[in-house]
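Summary of the model geometry
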Amino acid sequence: MRILGIETSCDETAAGIVEDGRRLRANVVASQAAMHDRYGGVVPEVASRQHLEAILPVVQAALQESGYAWRDLDAIAVTAGPGLAGTLLVGVSAAKALAYAWDKPLIAVNHLEAHLYANWIDDTGSKEEPPFPLLGLIVSGGHTDLVLMEGHGRIRRLGRTRDDAAGEAFDKAARLLGLGFPGGPQIERVAADTKASLRLPRAWLGQSDDFSFSGLKTAVLHVVRGERGPPPSVPETAAAFQDAVVDVLATKAARAARREGVRGVLLSGGVAANGPLRRALAERSPAPVFVPPPILCTDNGAMVAACAAYRFEAGRAGWDLDVTPSLAVDETGVWG
Ligand code: KG4
Ligand code: ZN
């Protein structure tokens, strides 16, 4: 089964083709990061317009990369939520039009569930399939969720962020440090090789599986403003910030994995591209950790296609498919 996956929930216009839920045939991503860097974040109206311009060329490029013709596809999958309403609508409209014109099934996908399925994609031809039950840590620009996955379509949310998402915290801290957007890769880059002596606060929230990052952001603000003595260097502050986020994420995920007795841990979402986080989780986790290659951690269409293969029936959508901007990780939308 060959599925085309379309993704426009935030600022990447993406299309991917995956065969039988695992084999990667194409993955094309047109990032708008440079455009949004000018404004220090994603401007929804600008993003929607960019998606509109890029979507068909991106789909065409994915087909070309795969070597397939549209006739060879078995279904068209698309992210229907969560995300920005206006940007989601561009992808959903394009997917509907293509599915209708090509006479293929239309499959709606939950973006957060799709991030988890990036771990099923076997880009090397030798990767093991993750064994259930699994713990999933989804860390992206808009979400931070800890979930228990007992099977396909059997996801229960254990914890979530109570304020900022992990990626959002990276983006805001980077902005305070005068670094570009998106902030995660910038912070990782300037923090590399720096061992921070500064220690920033961690919000543990007792035994809860929830997270909180807004206090950390405020702590960075105080440090940058010199309210705690002469401001340390940018690499020093960036490293201290990254240490604090990584420590909380890895410690809490490892603790939940032990408690739930899982057989594997799935790391996913844009922040999963972070090297120190990958290493810290691998060291502390009681079960094997699965992490997609960085290009499949950030938003992409291949993960949407992979997810659709395992959630084909649940995702079957009609021509009245609408977007669900606030869909939670453990919710299946009413796809019509
Ligand atoms: O999953 P994603 O591409 O989009 C959303 O669904 O939000 O995640 C984007 C987020 C941004 O906040 C970005 O700063 C963060 O992922 N990110 C990183 C790294 N690469 C991307 N954060 C930390 N380290 C990285 N290397
Ligand atoms: Zn995402």
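Attention here is on the structure that accompanies the text. Here the structure is a predicted model, which is why all the values come from computation and not from measurement.

Put simply, a metal with four donors set out as a tetrahedron has ideal angles of 109.5 degrees, and one with six donors set out as an octahedron has ideal angles of 90 or 180 degrees. Ligation of the zinc ion (ligand 2) by protein atoms is provided by H111 (NE2), H115 (NE2) and D299 (OD), these donors lying 2.0 to 2.1 Å from the ion. For the zinc ion (ligand 2), the donor residues sit on a single chain with the sequence spacing H-x3-H-x183-D. Separated by 184 residues along the polypeptide, H115 in helix α4 (residues 111–117) and D299 in the loop between α10 (294–297) and α11 (302–310) bring together distant segments of the chain.

A few words now on the side chain of E7. Looking at where E7 falls in the secondary structure, it is placed in strand β1 (residues 2–7). One buried charged residue, E7, remains without a salt bridge, the closest side chain of opposite sign being R311 at 15 Å. Of note is the side chain of E7, whose polar atom sits 2.7 Å from the side chain of S9. A polar contact of 2.9 Å, which involves the side chain of E7, links it to the side chain of H111. If sequence neighbours within four positions are ignored, E7 has contacts with E12, T13, A14, T79, H111, D299, N300, G301, M303 and V304.

A few words now on the site of ligand 1. Around ligand 1, a shell composed of 20 residues is seen, among which G141, D171, G184, E188 and D299 lie nearest. For ligand 1, an oxygen atom lies 2.8 Å from a polar atom in the backbone of G141. Taking G270, its main chain carries an N or O atom lying 3.0 Å from an oxygen atom of ligand 1. Its free accessible area being 550 Å², ligand 1 has 91% of it covered by the protein chains. In this structure the site holding ligand 1 corresponds to the largest pocket. Listed by contribution, the elements that provide at least two residues to the shell around ligand 1 are α4, α5 (166–176) and α6 (183–191). The element contributing the most residues to the shell around ligand 1 is α6, with 4 residues. Considering only residue class, the shell around ligand 1 consists of 5 nonpolar, 12 polar and 3 charged.

Right, let's get into empty space enclosed by the protein. All told, the structure shown has 1 cavity of 30 Å³ or more when counted by the stated rule. Within this model, the largest cavity holds a volume of roughly 70 Å³. Residue lining of the largest cavity: A108, V109, N110, E113, C307, R311, A314, G315, E331, T332, G333 and W335, and that is the complete set. Tallying contributions element by element places strand β5 (residues 106–110) first for the lining of the largest cavity, with 3 residues.

Moving on: the nonpolar core. In terms of nonpolar packing, the biggest core is built from 47 residues, with L135, L137, V139, I187, L200, F241 and L249 touching the most fellow members. Contributing elements (two or more residues each) for this core: β6 (134–139), β7 (144–151), α5, α6, α7 (214–224), α8 (234–260), β9 (264–268) and α9 (275–284). Counting residues per element, this core draws most heavily on α8, which supplies 13 residues. Contact partners of L137, with chain neighbours within four places excluded, come to D145, L146, F211, L249, A253, L266, L267 and S268. Core analysis: the second largest hydrophobic core is formed by 32 residues, L4, A54, V58 and Y68 among them.

Let us look at the pattern of salt bridges. Enumeration according to the criterion identifies 16 salt bridges in this entry. For R154, the salt bridge identified is with E150, shortest N-O distance 3.9 Å. Two residues, R259 and D209, come together in a salt bridge whose shortest N-O distance is 2.7 Å. Of this pair, R259 sits in helix α8 while D209 sits in the loop between α6 and α7, placing them 50 residues apart in sequence. R259 gets classed as partly exposed once you look at its relative accessible area, which sits at 46%.

Further remarks concern the pairing of strand β4 (residues 75–81). Most of β4 sits out of view: 7 of its 7 residues are buried. Relative to β4, β1 is paired through 4 bridges, and the arrangement is parallel. In the strand pairing of β4, I6 is matched with V78. Direction of pairing for β4 relative to β5: parallel, over a ladder of 5 bridges.

Definitions and limits used
One numbering rule holds for all chains: residues counted from 1, following each sequence as written. Chain A is the first chain written and ligand 1 is the first ligand written, with later ones labelled in order. Side-chain atom pairs in this predicted model are given and counted only at pLDDT of 80 or more, local residue features only at pLDDT of at least 70, and totals for whole chains, interfaces and linings cover all residues. Based on all heavy atoms of the structure, the side-chain values leave hydrogens and waters out of the count. Any N, O or S atom lying within 2.8 Å of the metal counts as a donor, with the limit raised to 3.2 Å for Na, K and Ca; because water is left out of the atom set, some sites can appear incomplete. Strands here mean DSSP runs of E at least two residues long; helices mean DSSP runs of H or I at least four residues long; both are numbered from the N terminus. Burial classes follow relative accessibility: with a 1.4 Å probe on protein chains only, a residue under 20% of its type's maximum area counts as buried, one over 50% as exposed, and anything between as partly exposed. Here the positive residues are Lys and Arg and the negative ones are Asp and Glu; neither His nor the chain ends is included. Whenever Lys or Arg places a side-chain nitrogen within 4 Å of a carboxyl oxygen from Asp or Glu, that contact is recorded as a salt bridge. A 3.5 Å cut-off defines polar contacts: any pair of N or O atoms within that distance qualifies, except that in protein one atom must be a possible hydrogen donor and the other a possible acceptor, and neighbouring residues in sequence count only when both atoms are side-chain atoms. By definition, residues are in contact when any of their heavy atoms lie within 4.5 Å. We call a residue near a molecule or strand as soon as one heavy atom of that residue lies within 4 Å of the molecule or strand. Note on areas: Shrake-Rupley with a 1.4 Å probe; residue coverage comes only from the protein chains shown. With a 1 Å grid laid over protein atoms only, a set of points is called a cavity when a 1.4 Å probe fits there but cannot get out and a pocket when it is open yet has protein on both sides within 12 Å along at least five of seven lines; lining residues have an atom within 4 Å of a point. Whether a molecule sits in a cavity or pocket is decided by its atoms, more than half of which must lie within 2 Å of the grid points. Residue polarity is assigned by list, with Asp, Glu, Lys and Arg as charged and Ala, Val, Leu, Ile, Met, Phe, Trp, Tyr, Cys and Pro as nonpolar; anything else, Gly included, falls into the polar class. Grid points are joined across faces, edges and corners, and a volume is the space filled by probe spheres set on the points. We define the nonpolar core as a collection of buried residues of types Ala, Val, Leu, Ile, Met, Phe, Trp, Tyr and Cys that are connected through side-chain atoms lying within 4.5 Å of one another. Any two strands are treated as partners once DSSP identifies two or more bridges connecting them.

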